[in-house]
Structure formats: C-alpha cells, structure tokens
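# A closer look at the structure
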Amino acid sequence: MRTFILLACFALLGHSIAEDAVENKVDAAVEEEDEKYNPKTDPCYSKECPIGKECVINKEGKGHCACMEECPEETSERAKVCSTSNITFDSECEMHRQKCLCHHKKDLCVDEKYKHVKLNYYGPCKEQDECTEEQMADFPLRMRDWLVLVMKNLADRGDLPEKTKKLTDENEKHTKKWVLPVIWKFCDLDLGFDRHLTYRDLLPLSAPLKTLEHCTGPFLGLCDSDDDGEITLKEWGHCLGLEDDEIADKCDEILN
Ligand SMILES: [Ca+2]
Ligand SMILES: [Ca+2]
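Conventions used here
Residues numbered from 1 in each chain as written. Chains lettered and ligands numbered in written order. Predicted model: local features only at pLDDT ≥ 70, side-chain atom pairs only at ≥ 80, totals over all residues. Helix = DSSP H or I, 4+ residues; strand = E, 2+ residues; numbered from the N terminus. Buried ≥ 20, exposed ≤ 12 C-beta atoms within 10 Å, placed from the backbone. Contact = placed C-beta atoms within 7 Å. Axes fitted to C-alpha atoms, helices over the stretch in contact; angles between N-to-C directions. Parallel < 35°, antiparallel > 145°, perpendicular 65-115°, else oblique. Nonpolar A, V, L, I, M, F, W, Y, C, P; charged D, E, K, R; others polar. Expected span 1.5 Å × (residues − 1). Bend = angle between axes of the 7 residues up to and from the residue. Core = buried A, V, L, I, M, F, W, Y, C linked by C-beta atoms within 7 Å. pLDDT = per-residue confidence, 0-100. Pairing = 2+ DSSP bridges.

## Some thoughts on the overall build of the protein
Across its full length, the protein carries 9 helices and 7 strands. Here the protein holds 256 residues, and the buried ones make up 22% of them. Of all intrachain contacts in the protein linking residues separated by at least 6 positions in sequence, the fraction that spans at least 24 positions is 52%.

Here it is as structure tokens:
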C-alpha cells in the first residue's frame, strides 16, 4: 500500500514537472511574440471599430472593421437591450453584431429582419404601460424640472465648460429657470451640431429613460410635430413648454 502511495506521489510529481515545463515553454513563446510585436506595423493597432464590429486584417494586409466573431458573454439582465421592434438581445454588442451579420448576409445571421434592428432602450423588452393623457401633460413639466437639476449638479461638480457655468449662474436670477437647461440639453444631444435631433442623437436620453418613464417614447414622438423623424430646436422648445421668444439658439455659446 505504502509503495502504491509513493508511486502515486511520484506519478503526480512527474505530471506536475511535465506540466510546468510545457507552461514555461508557452510563456517563453508568448514573451518572444510580445517582444516581436510592433504596434506601428499592426494595421489594427489604432483602428477603432463601432460596437458589434472588430478589426481584422484583410488580404491586402489592411485593417478593416468586420462583424465580431462573438461578443463578450453577458448573463446579467442589466446587459440586455430591447430593440425598436421589441426583440430582446443579450447585450448591445450582440444586437449590433446581428445587425452587421444580417446586413452582410452571413450564415450566423439569426433573422434577416435584424439588419434594420435599432436600440430602443436598455434592459429586456417589457410591456410598457399606456401613457395616459394626464401623464403626458405632466411629463414635459417633470422633464424640464429634471433638466434644471441635472444642469445644476453638473455646474456644482465643475463638469460644465466655463462659459456654460457663467450662463447657469446668470440663469439663477430668472424666474423660468428651465429655459436655459431645456436649450442646453438640445445642444448637448445634437450630434454633428446641425440643430436637428435624430433618433441617434436622442439615444443617450431615450435609451436609459424609456425603461423608467413609459411616456418617454410617446413624448418624443409628439415633439417631432411635423413628423419628419427629426426634432428641431423649435419643436424641442415647444414640447417642453417654452414660448417662441424663449427659444433662442444658444448652442455656440453653450458648447464653447
Ligand atoms: Ca444632429
Ligand atoms: Ca421635426
């Protein structure tokens, strides 16, 4: 019996020594690779790809963005996203990866309709309560109060540009304290500074808010009063209760 235990120990020891030797070899090879690696010659080194895509080197040796092989595995409910067509994806990455795969007609595309998929809100899709007339009437008032708070918090934390901070200080004297924050939010959301808020421009506001406030979607729909898919400063001001003479384009002042 003792011999058996001894032999077993030797066998285990032998196994462990052999494993260590293999590991050392692998480490050395990785280190050698690392030493050889030169970011300047890596076509993907400084290539940034949008979500759901990754850089791969093509036949010409150039880096280009292709659909991701796979997204990091997500098991948390909080990572899930709901699309505008009410489909839940495991993550925002997975939604964009599917969009990419389906757009390029790849085998891994789950459903051809995913090529038009768009993010609606963060979290799994859920039945949203109907936004009643009363709630809808109340929503802009609550939203502008919230914007006043957000802007004030940013100013207090020193997270606003100097000029904008000055504007907020002056704004303290006004009775209608929401006018400046409403205009500021429009400028803040406006990608491309073209004074039009598209679906994409509105995402940082709508995607987190829609899970918490079921009137967000209908409200933003109403804001686009001419129904052209974009919200102008005038439309934004009107739906948040600003008078015509209060809707002034201060984006250059606010953002610089
Ligand atoms: Ca824009
Ligand atoms: Ca419009």
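## Notes on the packing of helix H3 (residues 133-156) against helix H5 (residues 179-189)
Viewed as axis vectors pointing N to C, H3 and H5 meet at an angle of 80 degrees, and their least axial separation amounts to 8 Å. Taken as axis vectors, H3 and H5 run roughly perpendicular relative to one another. Mapping the contact onto sequence places Arg 144, Leu 147, Val 148 and Met 151 in H3 and Pro 181, Val 182, Trp 184 and Lys 185 in H5. Among the residues forming the contact of H3 with H5, the class breakdown is 6 nonpolar, no polar and 2 charged.

## Some thoughts on the environment of Gly 61
Secondary-structure assignment places Gly 61 in the loop between strand S1 (53-57) and strand S2 (63-67). Along the primary structure Gly 61 and Pro 43 are separated by 18 residues, whereas in three dimensions their C-alpha atoms are 7.3 Å apart.

## Structural notes on helix H6 (residues 199-212)
Between its first and last C-alpha, H6 extends 19 Å over 14 residues, near the 20 Å set by a 1.5 Å rise per residue. The largest bend along H6 reaches roughly 45 degrees and is located at Leu 205, with the proline Pro 208 sitting one to four residues downstream. The complete set of buried residues in H6 reads Leu 202, Leu 209 and Lys 210. Close packing links the buried residues of H6 with strand S5 (119-122), H5, strand S6 (196-197) and helix H7 (216-223).

## Looking at the nonpolar core
Grouped together as the largest cluster of nonpolar side chains are 23 residues, with contacts concentrated most on Val 179, Val 182, Ile 183, Phe 186, Trp 236 and Leu 240. Secondary-structure elements contributing two or more residues to this core are H3, H5 and helix H8 (233-239). The contact partners of Val 179, leaving out residues within four places of it in the chain, are His 174, Leu 242 and Glu 246. Judged by nonpolar contacts, the second largest core, of 12 residues, contains Met 95, Cys 100, Leu 119 and Tyr 121.

## Focus: the confidence of the model for the protein
Confidence in the prediction of the protein, expressed as mean pLDDT, is 88, and 87% of residues score 70 or more. The secondary-structure element of the protein with the lowest mean pLDDT is helix H1 (residues 2-36), recorded at 56, while strand S7 (residues 231-232) shows the highest, at 98. Low pLDDT, under 50, characterises residues 1-15; the predicted model gives this stretch 0 contacts beyond four residues in sequence or across chains.

## Things to note about the packing of H6 against H7
Here H6 crosses H7 at 150 degrees, and the two axes come no closer than 9 Å. Contacts from Leu 202, Ser 206, Leu 209 and Lys 210 of H6 reach H7 at Thr 216, Gly 217 and Leu 220. Considered class by class, the residues forming the contact of H6 with H7 number 3 nonpolar, 3 polar and 1 charged.

## As for the sheet that holds strand S3 (residues 81-83)
One key point about sheets: their strands pair by backbone hydrogen bonds, in either a parallel or an antiparallel sense. Spatial ordering of the open sheet is given by S4-S3-S5, a layout of 3 strands whose pairing is antiparallel. Strand pairing shows two members of the sheet lacking a second neighbour, strand S4 (88-89) and S5, which therefore form its edges. As judged from the 2 bridges shared by S3 and S4, these two strands associate in the antiparallel manner. Within S4, the residue paired with Val 81 across the bridge is Phe 89.

## Let's talk about the pairing of S2
Where S1 lies against S2, 5 bridges are found, and the strand directions are antiparallel. In the sheet register, Glu 54 faces S2, and the bridge partner there is Ala 66. From the end of S1 to the start of S2, which pair antiparallel, there are 5 residues, and Gly 61 there has a positive phi angle of about 80 degrees.

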